[in-house]
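Descriptive analysis of the structure
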Amino acid sequence: MCLSRRNIRDLDAKTRRIWAAGNLCLFTSLAFTLFGEGTRRNHLALVDGLRGFLIGLALVFLVWSTRRMRNPSARV
């Protein structure tokens, strides 16, 4: 996802926390894909549902933080 030509370190603390939460959700969902083969064999629907939920959360958090970066009036 493209940062809007700004460094994440220059933004307020809440935006940085939202950005970190989005990256953590994205990493966790991708880690399930790479390292969750044993669990996936036994609980296919659970792992796929959790992966989809985490990817959805990652999208929400990353879009939210990008919107806060571009629109200073949204920082309430």
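Structure report, in brief. All of these numbers come straight from a predicted model, not from anything done at the bench.

Rules behind the numbers
Residues numbered from 1 in each chain as written. Predicted model: local features only at pLDDT ≥ 70, side-chain atom pairs only at ≥ 80, totals over all residues. Heavy atoms only, no water. Helix = DSSP H or I, 4+ residues; strand = E, 2+ residues; numbered from the N terminus. Buried < 20%, exposed > 50% of the residue type's maximum accessible area, 1.4 Å probe, protein only. Contact = heavy atoms within 4.5 Å. Areas by Shrake-Rupley, 256 points an atom, 1.4 Å probe, with all protein chains shown as cover. Salt bridge = Lys/Arg side-chain N within 4 Å of Asp/Glu carboxyl O. Expected span 1.5 Å × (residues − 1). Polar contact = N/O pair within 3.5 Å; in protein donor to acceptor, adjacent residues only side chain to side chain. Phe/Tyr/Trp six-rings, centres within 6.5 Å; stacked < 30°, edge-to-face > 60°. Core = buried A, V, L, I, M, F, W, Y, C linked by side-chain atoms within 4.5 Å.

Moving on, we come to the overall build of the chain. Along the chain, the regular secondary structure elements total three helices and zero strands. Considering the chain as a whole, with its 76 residues, one finds that 26% of them fall into the buried category. In the chain, the share of contacts with a sequence separation of at least 24, taken over all contacts with a separation of at least 6, comes to 71%. Counting only carbon and sulfur atoms, one obtains 63% of the accessible surface of the chain, whose full area is about 5500 Å².

Overall, the coordinates contain two salt bridges when judged by the stated rule. In this structure, Asp12 engages Arg68 in a salt bridge whose closest nitrogen and oxygen atoms are separated by 2.8 Å. Here Asp12 is found in the segment before helix 1 (13-35), whereas its partner Arg68 is found in helix 3 (residues 44-70), with 56 residues between them in sequence. The salt bridge involving Asp48 is made with Arg51; its shortest N-O contact spans 3.5 Å. Separated by three residues within a single helix, Asp48 and Arg51 lie in helix 3, roughly one turn from each other.

This part covers helix 3. With 27 residues, helix 3 extends 39 Å from end C-alpha to end C-alpha; this agrees with the ideal 39 Å at 1.5 Å per step. Where helix 3 is concerned, the buried positions are Val47, Arg51, Leu54, Ala58, Leu62, Ser65, Thr66, Arg68 and Met69. Looking at the buried positions of helix 3, the neighbouring elements they touch are helix 1 and helix 2 (37-42).

This next bit is on the side chain of Arg51. In this structure the side chain of Arg51 is engaged in a polar contact, spanning 3.4 Å, whose partner is the side chain of Thr33. Setting aside its immediate chain neighbours within four residues, Arg51 contacts Ser29, Phe32, Thr33 and Arg40.

On to the packing of aromatic side chains. Geometry of an aromatic ring pair is reported as the spacing of the ring centres plus the angle between the planes. Counted under the stated rule, the structure contains one aromatic pair. Seen in terms of ring centroids, Phe61 and Trp64 are 6.5 Å apart; in terms of plane orientation they differ by 25 degrees. Their pairing is stacked. Of this pair, Phe61 and Trp64 both sit in helix 3, separated by three residues, roughly a single helical turn.

For the rest of this paragraph, the subject is the nonpolar core. Residues Ile8, Leu11, Trp19, Leu62 and Met69 constitute the largest nonpolar core, which totals five residues. Aside from chain neighbours lying at most four places away, what touches Ile8 is Arg16, Trp19 and Met69.

Keep in mind these numbers describe shape, not what the thing actually does.
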